[in-house]
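Here is how the chains run, residue by residue.
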Amino acid sequence: MMRLGRHTFGADATLMMAIVNRTPDSFFDKGATWDESAAYERVRAVVADGAEIVDIGGIKAAPGAEIGEAEERARVVDFVAGVREEFPDLVISVDTWRASVADAVCAAGADVINDAWGGADPELVDVAAKHDVALVCTHTGGATVRTRPYRREYDDVMASVVEDCLAYAGRALAAGVAAESIVIDPAHDFGKNTFHSLEVTRRLGEMVGLGYPVLVSLSNKDFVGESLDAPVGERLTGTLAATAVCALAGAQIYRVHQVVPTRQTVDMVLTIAGRRQPARAIRGIQ
Amino acid sequence: MRIALVPGALALSPRYASIEDPVAELRAAVETALDWVGPQPRLLGDAHGVIGELLERSGSSSDGQTADGVVVVANGSATRSEKAPGHFDERALAFDDWLREALTVDPGELNHLDTSLAEELWADVEAIPELATLLGGPGPADFAPAETDPGPQRPRVRLIGVDYDDDPYGVKYWVIRWEVA
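Below is a short write-up of the structure. Everything numeric here is computed off the predicted structure, so don't read it as measured data.

**Section: the side chain of Asp46(B)**
All names here are of chain B. Counting through the fold element by element, Asp46 comes out in the loop between strand S2 (42-44) and helix H2 (50-58). Of the side chains bearing the opposite charge, Arg15 lies closest to the buried Asp46, which forms no salt bridge; the N-O distance is 8.2 Å. Polar contacts involving the side chain of Asp46 include one to the main-chain amide nitrogen of Gly52, which spans 2.7 Å. Residues contacting Asp46, with those up to four places away along its chain left out, are Ile51, Gly52 and Val73.

**Description of the interface of chain B and chain A**
In this complex, chain B contributes 15 residues to the contact, which on the side of chain A involves 10 residues. Here chain B packs against chain A, burying approximately 1,100 Å² in sum over the two surfaces, 58% of which is carbon and sulfur. For chain B, the biggest contributors to the area lost against chain A are Ser18(B), Ile19(B) and Tyr169(B); these three give 40% of the whole. The interface formed by chain B and chain A includes one salt bridge. The shortest N-O distance in the salt bridge between Arg280(A) and Glu20(B) comes to 3.2 Å.

**Thoughts on the sheet that holds strand S3 (residues 69-73) of chain B**
All names here are of chain B. The strand order S2-S3-S1-S5-S4 describes an open sheet built from five strands, whose pairing is mixed. The open sheet has two edge strands with one neighbour each: S2 and strand S4 (157-166). On average, adjacent strands in this sheet sit at an angle of 15° to one another, irrespective of strand direction. As paired strands, S2 and S3 are joined by three bridges and run parallel to one another. Each residue of the ladder has a partner; that of Leu44, found in S3, is Val72.

**Regarding the pattern of salt bridges**
Overall, the coordinates contain 31 salt bridges over all chains when judged by the stated rule. In this structure, the salt-bridge partner of Arg203(A) is Asp156(A), at a minimum N-O distance of 3.0 Å. In this pair, Arg203(A) is assigned in the loop between helix H6 (194-202) and strand S9 (215-217) and Asp156(A) in the loop between strand S7 (134-138) and helix H5 (157-175), connecting sequence segments 47 residues apart. The class of Asp156(A) is partly exposed, set by a relative accessible area of 29%. Salt-bridge contacts for Glu179(B) lead to Arg158(B); the nearest nitrogen and oxygen are separated by 3.0 Å. With a gap of 21 residues between them, Glu179(B) in strand S5 (residues 173-180) and Arg158(B) in strand S4 connect regions that are remote in the sequence. Overlapping salt bridges, with partners in common, bring together Glu52(A), Arg263(A), Asp267(A) and Arg276(A) in one network.

**Here's the deal with helix H9 (residues 259-272) of chain A**
All names here are of chain A. Between its terminal C-alpha atoms H9 stretches 20 Å, which fits the 20 Å expected from 14 residues at 1.5 Å a residue. Of the residues making up H9, those classed as buried are Val259, Thr262, Arg263, Thr265, Val266, Asp267, Val269 and Leu270. In this structure, the buried side of H9 is in contact with strand S3 (15-21), helix H1 (36-48), helix H8 (236-249) and strand S10 (253-256). Remark: Gly274 follows H9 within two positions and exhibits a positive phi of approximately 80°.

Cut-off values and rules
- Residues numbered from 1 in each chain as written.
- Chains lettered and ligands numbered in written order.
- Predicted model: local features only at pLDDT ≥ 70, side-chain atom pairs only at ≥ 80, totals over all residues.
- Heavy atoms only, no water.
- Helix = DSSP H or I, 4+ residues; strand = E, 2+ residues; numbered from the N terminus.
- Buried < 20%, exposed > 50% of the residue type's maximum accessible area, 1.4 Å probe, protein only.
- Lys, Arg positive; Asp, Glu negative; His and termini not counted.
- Salt bridge = Lys/Arg side-chain N within 4 Å of Asp/Glu carboxyl O.
- Polar contact = N/O pair within 3.5 Å; in protein donor to acceptor, adjacent residues only side chain to side chain.
- Contact = heavy atoms within 4.5 Å.
- Buried area = accessible area lost by both parts, 1.4 Å probe.
- Pairing = 2+ DSSP bridges.
- Axes fitted to C-alpha atoms, helices over the stretch in contact; angles between N-to-C directions.
- Expected span 1.5 Å × (residues − 1).

Structure (structure tokens):
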């Protein structure tokens, strides 16, 4: 069983986590949902597309203007409360590394804390435990929050991913987070160059079976762009190819900009793998 | 004796299950008919083993009780539409109408089944001659010598119901039940 806050799913469920940015400057949508009404429309659209989870973020991952705690709260807390009210069955995740912000959004109805920065704030695990919500434990190779990788190297990147994710999960367990509410994420491009992200993709199977569902955040990222020499906006095909590889390896949560094509890719791969039945097959067997 | 006619559609097999069952209504009718026939029926014409598989899953094929029912696996043409497995053949509708009439009104006509046409229309009728015997009694060759012949002793056949009669994918399916005294 996988438990994300007030929602439970089967142990082998695959879930779409749709990105909803409450930022004026995120790399993909460039502030398209900065306006609150546009952000609500985005939530409604991804729910209609079948997303089980929304991941609401108030600060872009890349370096940029300093966003203080108060400003981050202002961007996400009331919005979480509004989404909670309108969509009681939706899993609400909030992308934050700050324990104080996590505490506020959980009080407002969040189910998941998506800590993209690998436990930079040591009190985050306590907040997750206090609210009995899920926690996404990512690997950043020790990167400082909101920095790009620069000449970072690993003896074995996947070994580092496994070691750090399990260590973070262990801290969460020790703090009282339920085992069925811990998710691990190799965090493509965080503390990793393109070659690292490709290797993590290629070896994702080594994370599956560690006892926690694996989340992958591949959508339109630079490792896709650099692999295909494709600018942002032309990375869907590459994203879906990476998605397919991760699906075959057994990833379960997909953090995405485009819900429908990702869901179709995952479902097709699982169907090929014999882990999902066809939607409705009759050709040749009438 | 209870007799049920069901189609041998592979889509009924658990081996070919989908998330949404494309033959849900047909499956329901088939399962009801198999239950009605009773345990351990004699199975005629199940070339792909689909119905045997369903019986096995329901436990009807191996509970040790005496077999007194018959399940006949057959269906009409598979050429009833452009998307049908055998494409559209304009003779299909008339053939199926004739076969339905014979099955439900005048089983004696089943002895006159045009097997060549059936083959051209991709109809699964291999078991129909045996069904004709079950429903229509002995054929002329089996009659006793004239001096002792009491005349054809046709069994008393009662049509219990036509539970399914449709062609959702260009193949004519029937689920039909009879009781023969």
